[in-house]
Amino acid sequence: MIGDFIYKYYVGPIVNGGAYTIVDTLTYAIILIVSVYLVYKWLIRAGIEIDKDFVLSLIPYIVLGGFLRVVEDTGIIPYPYYVLLITPLIYFVIFFYAIVVLVLSRALEGRKIIADYHKGFATGGIIACAISLVPLVWYGLTVTQINFFVMFSILGIACISSLAVWAFVKYALKWDYVDDILYRLLIFGHMLDASATSFGIDLHEVTYVEQHVVGSALIEATGTAFSMFALKLVVIIPAIYILQIYRQEGNKALFHLIILAMIMVGLAPGIRDMVRMILYV
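All residue numbers here refer to positions counted from 1 along the written sequence of the relevant chain. Two thresholds apply to this predicted model, a pLDDT of at least 70 for residue-level local features and 80 or more for giving and counting side-chain atom pairs, whereas whole-chain, interface and lining totals are computed over all residues. As a rule here, side-chain values cover all heavy atoms of the structure and leave hydrogens and water aside.

### What to know about the overall build of the protein
Here's step 1: Working definition: helices are DSSP H or I runs of at least four residues, strands are E runs of at least two. Numbering for both runs from the N terminus. From N to C terminus, the protein includes ten helices and zero strands.
Here's step 2: In the protein, the succession of α and β elements from N to C terminus is α-α-α-α-α-α-α-α-α-α.
Here's step 3: Atoms considered for the radius of gyration are the C-alpha atoms alone. The globule rule reads 2.2 Å times the number of residues to the power 0.38. For the protein, the C-alpha radius of gyration of 19 Å lies close to 19 Å, the compact-globule estimate for 281 residues.
Here's step 4: Dimensions of the protein, computed from C-alpha atoms along their principal axes, come out at roughly 50 × 50 × 45 Å.
Here's step 5: Buried positions account for 47% of the 281 residues belonging to the protein.
Here's step 6: Two residues form a contact once any of their heavy atoms are found within 4.5 Å. Considering only intrachain contacts with a sequence separation of at least 6, the fraction spanning at least 24 residues in the protein is 72%.
Here's step 7: In these tables, accessible area is a Shrake-Rupley quantity obtained with a 1.4 Å probe, and a residue counts as shielded only by the protein chains included in the view. About 14600 Å² of surface is accessible on the protein, with carbon and sulfur atoms providing 71% of the total. Burial classification: accessible surface area is computed with a 1.4 Å probe over protein chains only, and a residue below 20% of its type maximum counts as buried, one above 50% as exposed, and the rest as partly exposed.

Quick look at the structure:
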């Protein structure tokens, strides 16, 4: 009985690429919250300052997650290895790689080989992103196609919507603190996710579907994937306000980890979906 439950809600969707359910969505949300807390405790014990520079140095690893998911989507990774690139296992793969690079960067800084471990840490992520792009470009050139119109369309919608949201919260709501690069990344990541979903479902030649429970229910209710923008706004605008209050009055290290997690859940799937559509995967 327990084995059937685990396979139905966890193993099956991972192996077969099925849509998310309420059960696994809530489970992964809890895992994310617990993981953020455990990482926070480990970083504190390791003496690593969790600040803006640390968050920015982790952005390449978020991009890497999006790229690697598309590598799995192409089907070029054989069984059973491709399972490592499926949510939630991919988070652990990238986590362990990031830890190795972080420890190495700190050691290089300690030996005066590099001036700032943040730059070394970010470079490790950028190199991994570049390597992961190689099979994607090859796949696009030899198997499907690389459609730059799709890329510029999604990025254009994301940039315009991000600018509109930023202008609204800055000038209409008078939240000057949204000039901070972390808040701008948070807005852009989620607008990119909404843009890719909207374009893929309503405008792309290939038929794509929304796999997440809340998003799919909203799209079905409204009849358009562009309703995802409304869902994003309902979430991120109050989140920015609450985050800023916590930033001023709470634990600043934990604030940076929370906003990093929020950037990740928008930016990573947004990049994945956009690259899939560029390659017609």
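### With respect to the nonpolar core
Here's step 1: Definition used in this section: a nonpolar core is a set of buried Ala, Val, Leu, Ile, Met, Phe, Trp, Tyr and Cys residues joined via side-chain atoms within 4.5 Å. Of all hydrophobic cores here, the largest spans 78 residues; its most connected members are Phe-54, Ile-62, Phe-121, Ile-154, Ile-259 and Ile-263.
Here's step 2: Those elements that provide at least two residues to this core are helix H2 (22–45), helix H3 (52–73), helix H4 (89–110), helix H5 (117–142), helix H6 (148–172), helix H7 (181–202), helix H9 (228–249) and helix H10 (252–279).
Here's step 3: If we skip the residues at most four places from it in the chain, Ile-154 touches Leu-192, Ser-195, Ala-196, Phe-199, Met-274 and Met-277.

### Brief notes about the UniProt feature "transmembrane region" (unreviewed entry) in the protein
Here's step 1: Within the UniProt annotation, "transmembrane region" (unreviewed entry) is assigned to residues 20–42, 54–71, 83–108, 120–140, 146–169, 181–201, 221–241 and 253–271.
Here's step 2: Span residues 146–169 is 92% helix and 0% strand, its end C-alpha atoms 36 Å apart.
Here's step 3: Taken end to end, residues 253–271 comprises 100% helix and 0% strand; its first and last C-alpha atoms sit 26 Å apart. UniProt positions are given in the numbering used here, feature names are shortened, and annotations may be inferred rather than shown by experiment.

### Considering H5
Here's step 1: Helix length check: H5 (26 residues) gives 39 Å between terminal C-alpha atoms against 38 Å at 1.5 Å per residue, within 8%.
Here's step 2: Where H5 is concerned, the buried positions are Tyr-117, His-118, Phe-121, Ala-122, Gly-124, Gly-125, Ala-128, Cys-129, Ser-132, Leu-136, Tyr-139 and Gly-140.
Here's step 3: As for H5, its buried residues are in contact with H3, H4 and H10. Each residue after the first adds 1.5 Å to the expected span of a helix.

### Points about the packing of H3 against H5
Here's step 1: H5 packs onto H3 with a crossing angle of 15° between their chain directions and a minimal axis gap of 9 Å. If you check the angle between H3 and H5, you find them roughly parallel. Note that H3 runs across H5; the crossing there is left-handed. Facing H3, whose interface residues are Asp-53, Phe-54, Ser-57, Leu-58, Pro-60, Tyr-61, Val-63, Leu-64, Phe-67, Leu-68, Val-70 and Val-71, H5 presents His-118, Phe-121, Ala-122, Gly-124, Gly-125, Ile-126, Ala-128, Cys-129, Ser-132, Leu-133, Pro-135 and Leu-136.
Here's step 2: Residues are grouped as follows: Ala, Val, Leu, Ile, Met, Phe, Trp, Tyr, Cys and Pro are nonpolar; Asp, Glu, Lys and Arg are charged; all remaining types, including Gly, are polar. Class assignment for the residues of the contact of H3 with H5 results in 18 nonpolar, five polar and one charged. Only the contacting stretch of a helix is used when fitting its axis, a line to C-alpha atoms as for every element, and angles between N-to-C directions run 0 to 180 degrees. Here roughly perpendicular refers to angles of 65 to 115 degrees, roughly parallel to angles under 35, roughly antiparallel to angles over 145, and oblique to all remaining angles. If you view the pair so one helix is near and one far, a crossing is left-handed when the near helix is turned anticlockwise from the far one by less than a right angle, and right-handed when it is turned clockwise.

### Some details on the side chain of His-256
Here's step 1: Residue position: His-256 is located in helix H10.
Here's step 2: In this structure His-256 comes out as buried when scored by relative accessible area, which is 8%.
Here's step 3: Polar contacts, as counted here, are pairs of nitrogen or oxygen atoms within 3.5 Å of one another; within protein the pair requires one atom able to donate a hydrogen and one able to accept it, and residues that are adjacent in sequence qualify only if both atoms are side-chain atoms. Of the polar contacts made by the side chain of His-256, one reaches the backbone oxygen of Lys-252; its length is 2.7 Å.
Here's step 4: Not counting residues within four places of it along the chain, the set of residues in contact with His-256 comprises Ile-50, Asp-51, Lys-52, Val-55, Leu-182 and Arg-247.

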